[in-house]
Amino acid sequence: MKNNLEIAKNIMSIENLKINLLGKVYSLFKAFNEDEDGEILIDNLCDILIFTYLLGEKLGYDFQEIDEALQKKLKLQIIDKNFEGEYNFSELQRYIKGRKQE
């Protein structure tokens, strides 16, 4: 019975993280039209990153594993060059690599 309770708690936790993540994405889009000084935008961006990492952890990935997958994804984006000049994937990749060294 205890195992079933833990499973139910984990499912509820995942669902809550998904709801929070979607809510923050909604708030981000809403803030594009309403946020004059950018505080709400940066706050929502931070929350999206936080909830994404926490959701990944609940799904069985550790934070380092998520960072490594992100590095691989960035490398593929740089090679693919579909967004070349539009987004700075190389700079983001350097930043994340630097973060690991701290």
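The model shown is predicted, which means the values in this text are computed figures rather than measured ones.

Caption draft 1: Quick peek at helix α3 (residues 63–80). The first and last C-alpha atoms of α3 sit 26 Å apart over 18 residues, in line with the 26 Å expected at 1.5 Å per residue. Every buried residue of α3 is accounted for by Ile66, Asp67, Gln71 and Leu74. Looking down the long axis of α3, one finds its buried residues gathered within 145 degrees of arc, a one-sided arrangement. In α3, the exposed positions that point more than 90 degrees away from the buried face belong to Lys72, Lys73, Leu76 and Ile79. Between a side-chain oxygen at the N-terminus of α3 and the backbone nitrogen of Gln64 the separation is 3.2 Å; the capping residue is Asp62. Two residues or fewer after α3 comes Lys81, characterised by a positive phi angle close to 60 degrees.

Caption draft 2: Here's a closer look at the environment of Lys24. By secondary structure assignment, the location of Lys24 is in helix α1 (residues 2–34). Relative accessible area serves as the criterion here: at 23%, Lys24 is assigned to the partly exposed category. Those residues in contact with Lys24, other than ones at most four positions away along the chain, are Asn44, Asp47, Ile48 and Phe51. Within the local environment of Lys24, its side chain forms a polar contact with the side chain of Asp47, the two groups lying 3.1 Å apart.

Caption draft 3: Layout of the packing of aromatic side chains. Under the counting rule described, the total for this entry stands at 3 aromatic pairs. Both rings, one in Tyr53 and one in Phe63, keep their centres 5.9 Å apart while their planes meet at 65 degrees; by these two values the pair is edge-to-face. Highlighted residues: Tyr53 in helix α2 (residues 39–58) and Phe63 in helix α3, separated in sequence by 10 residues. The class of Phe63 is partly exposed, set by a relative accessible area of 38%.

Caption draft 4: Region of the structure containing the side chain of Gln93. Tracing the backbone through its elements, the reader meets Gln93 in helix α4 (residues 89–101). With relative accessibility at 11%, the residue Gln93 sits in the buried group. Apart from the residues lying within four places of it in its own chain, the contact partners of Gln93 are Gln71, Leu74, Lys75 and Ile78.

Caption draft 5: Spatial organisation of the nonpolar core. Core analysis: the largest hydrophobic core is formed by 9 residues, namely Ile14, Leu17, Leu21, Leu28, Ala31, Leu41, Ile48, Phe51 and Leu55. Ranked by the residues each element gives to this core, the list is headed by α1, at 5 residues. Here Leu17 is in contact with Phe51, Leu54, Leu55 and Lys58, once residues within four sequence places are set aside.

Caption draft 6: The arrangement of the pattern of salt bridges in detail. If you walk through the whole model with that rule in mind, you get 4 salt bridges. Residue Asp67 is joined to Arg99 by a salt bridge in which the shortest nitrogen-to-oxygen separation is 3.1 Å. A residue pair is termed long-range when its members are at least 10 positions apart, and Asp67 in helix α3 and Arg99 in helix α4 qualify at 32 residues. Judged by relative accessible area, Arg99 falls into the partly exposed class, the value being 32%. The residue Glu91 makes a salt bridge to Arg94 at a minimum N-O spacing of 3.0 Å. In this pair, Glu91 and Arg94 are both assigned in helix α4, 3 residues apart and thus about one turn of the helix distant. We classify Glu91 as partly exposed; its relative accessible area is 40%. The exposure class of Arg94 is exposed, given its relative accessible area of 52%.

Here is what the cut-offs are and how they apply
- Residues numbered from 1 in each chain as written.
- Predicted model: local features only at pLDDT ≥ 70, side-chain atom pairs only at ≥ 80, totals over all residues.
- Heavy atoms only, no water.
- Helix = DSSP H or I, 4+ residues; strand = E, 2+ residues; numbered from the N terminus.
- Expected span 1.5 Å × (residues − 1).
- Buried < 20%, exposed > 50% of the residue type's maximum accessible area, 1.4 Å probe, protein only.
- Arc of directions from axis to C-beta.
- Polar contact = N/O pair within 3.5 Å; in protein donor to acceptor, adjacent residues only side chain to side chain.
- Contact = heavy atoms within 4.5 Å.
- Phe/Tyr/Trp six-rings, centres within 6.5 Å; stacked < 30°, edge-to-face > 60°.
- Core = buried A, V, L, I, M, F, W, Y, C linked by side-chain atoms within 4.5 Å.
- Salt bridge = Lys/Arg side-chain N within 4 Å of Asp/Glu carboxyl O.

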